[in-house]
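Fold and contact review
Spelled out from the first residue to the last, the chains are:
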Amino acid sequence: MTDPLLKAEIHCHIEGAAPVSLALAQAEMYRVDISKIVKDGRYVWSDFSEFLLCYDAVASLFRTEADYALLTETYLTELAAANTIYSEIIVSPDHGDRIGLGADAYLAGICDGIHAAREKVGIETRIIVTGERHFGPERVIAAAEYAARAGNSLITGFNMAGDERMGKVADYARAFDIARDAGLGLTIHAGEVCDASSVQDALDLVRPSRIGHGVRSIENQAVVERLVEHSTVLEVCPGSNIALSIYADFGHHPLRDLMAAGVRVCLNSDDPPFFRTSLAQEYETAAAVMGFSEDEINGMTRTAIEAAFVDEETRSRLLARLQEASGASAETGDEPAKQV
Ligand SMILES: Nc1ncnc2[nH]cnc12
Ligand SMILES: [Zn+2]
């Protein structure tokens, strides 16, 4: 039973976190017919390309600063209710521009949601700006430039999401150089849809401290060894991988083998309602289906916090909270302290 465990998440796309109920309410407000992408209370899509289209259709239902504040506060409140003490959300200012809201208003809404959630439920949150690979290198570079000059203390990382099959990592390396020079933490989607060579390219050309997914590294021992050697953290999203048919089922998922090989891993939800999951569900699946012990799961939470793009004072505070809660539950068998 993982409900009482403290949790942390460093890989969730904000538009991908929109509950179906909220998408339906937004669609009604803007008089948009979403019956093709929502059926029986679920988002519907059939493969990775269709998932990205469905994702964009849901994202298009959030159009104002207030919409983004509501979406962000809603998701963070849900996380906190599951005892999540830290969250990094992946956001796309380029998307804000594309829908005509503008990157500044898009970010302002998200920051309002973060502040409101922090006030209400105490959850600590940081923002990772992402560029989307399938829109091409220029847009990804522009996203990095935006993140670098934003001067927003909540923006602490840079990522590249989108269709991993498009272009070469080398085409996007400049974006990561810009983000690195600005002092942002680096992570990149790789080894999710594409094989271990995609992770190899990311390690060579981006030199990130973390990789989004990275699970297909397991297909190449040399890549696994590099991850271990550099202590690169994999932001693993098992439910996403199963939903997108990267693996047939949890029994075939490489999380256990990656951990056994010494790779640093943590649990994440990616786009939870699209994959019929939640962070709480990912923790529960890790325990009940994948057979991870409470100590191993707390270890993954610790890894997420150790790898977080956050100042050292906040990291120490979060680690102390986790230590206190997991130490206390190990010693007494009592439930760890709930979030205040
Ligand atoms: N799982 C995923 N992979 C790549 N890009 C994404 N954008 C949102 N979810 C994604
Ligand atoms: Zn992702």
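Bear in mind the structure is a predicted one, so any value in this text is a computation, not a measurement. (Residues numbered from 1 in each chain as written. Chains lettered and ligands numbered in written order. Predicted model: local features only at pLDDT ≥ 70, side-chain atom pairs only at ≥ 80, totals over all residues. Heavy atoms only, no water.)

**Re the nonpolar core**
- Among the nonpolar cores identified, the biggest contains 93 residues, and Y43, I127 and F158 are the most heavily contacted of them.
- Sorting elements by how many residues they give to this core places helix α5 (residues 103-121) first, with nine residues.
- In this structure, C266, A307, V310 and L322 belong to the second largest nonpolar core, which totals 16 residues. (Core = buried A, V, L, I, M, F, W, Y, C linked by side-chain atoms within 4.5 Å. Buried < 20%, exposed > 50% of the residue type's maximum accessible area, 1.4 Å probe, protein only. Helix = DSSP H or I, 4+ residues; strand = E, 2+ residues; numbered from the N terminus.)

**A few points about the environment of F275**
- Assignment of secondary structure puts F275 in the loop between β10 (264-267) and α12 (279-288).
- Separated by 28 residues in the primary sequence, F275 and Y247 place their C-alpha atoms 14 Å from one another.
- Not counting residues within four places of it along the chain, the set of residues in contact with F275 comprises W45, F51, G239, S240, A243, L244, S269 and D270. (Contact = heavy atoms within 4.5 Å.)

**Digging into the UniProt feature "binding site: substrate" (unreviewed entry) in the chain**
- Feature annotation in UniProt places "binding site: substrate" (unreviewed entry) on D271, given in this structure's numbering.
- The contact partners of D271, leaving out residues within four places of it in the chain, are H13, G16, F51 and Y55. (UniProt positions renumbered as here; feature names shortened; annotations may be inferred.)

**Considering helix α1 (residues 20-29)**
- Along α1, the positions that sit buried rather than exposed are V20, L22, A23, Q26 and A27. All buried residues of α1 lie within an arc of 160 degrees about the axis, which places them on one face of the element. Seen from the open side of α1, the exposed residues pointing more than 90 degrees away from its buried face are S21 and E28.
- Lining the buried residues of α1 we find β2 (38-39), β3 (42-43), α2 (48-59) and α3 (65-81).
- R31, located one to two residues past α1, shows a positive phi value of around 50 degrees. (Arc of directions from axis to C-beta.)

**Here's the deal with the site of ligand 1**
- The environment of ligand 1 is formed by H13, F48, F51, Y55, A161, G162, H189, E192, H213, D270 and D271.
- The separation between a nitrogen atom of ligand 1 and a polar side-chain atom of D271 is 2.7 Å.
- Computed on the free molecule, ligand 1 has an accessible area of 260 Å², of which 97% lies beneath the protein chains in the complex.
- Ranked by residue count, the leading element in the shell around ligand 1 is α2, at three residues. (Near = heavy atom within 4 Å. Polar contact = N/O pair within 3.5 Å; in protein donor to acceptor, adjacent residues only side chain to side chain. Areas by Shrake-Rupley, 256 points an atom, 1.4 Å probe, with all protein chains shown as cover.)

**Here's the deal with helix α8 (residues 196-205)**
- Looking at α8, one finds that the buried residues are A196, S198, V199, A202 and L203. Across the axial projection of α8, the buried residues extend over an arc of 155 degrees, all falling on one side.
- Just past α8, the residue R207 takes up positive phi, approximately 50 degrees.

**Description of unusual backbone geometry**
- The phi dihedral of D40 is positive, around 50 degrees, even though this residue is not glycine.
- Locating D40 in the fold gives a position in the loop between β2 and β3.
- Overall, D40 belongs to the exposed group, its relative accessible area being 81%.
- For D270, which is not a glycine, the phi torsion comes out positive at approximately 70 degrees.
- Among the secondary structure elements, D270 is positioned in the loop between β10 and α12.
- Using a relative accessible area of 2% as the deciding quantity, one classes D270 as buried.

**A closer look at the confidence of the model for the chain**
- In this model, the chain carries a mean pLDDT of 95, and residues with pLDDT of at least 70 account for 96%.
- Confidence scores differ between elements of the chain, with helix α14 (residues 312-332) showing the lowest mean pLDDT of 87 and strand β9 (residues 233-236) the highest of 99.
- The low-confidence segment residues 332-340, where pLDDT is below 50, has 19 contacts with residues more than four positions distant or belonging to other chains.
- Listed scores for the predicted complex are pTM 0.95 and ipTM 0.97. (pLDDT = per-residue confidence, 0-100.)

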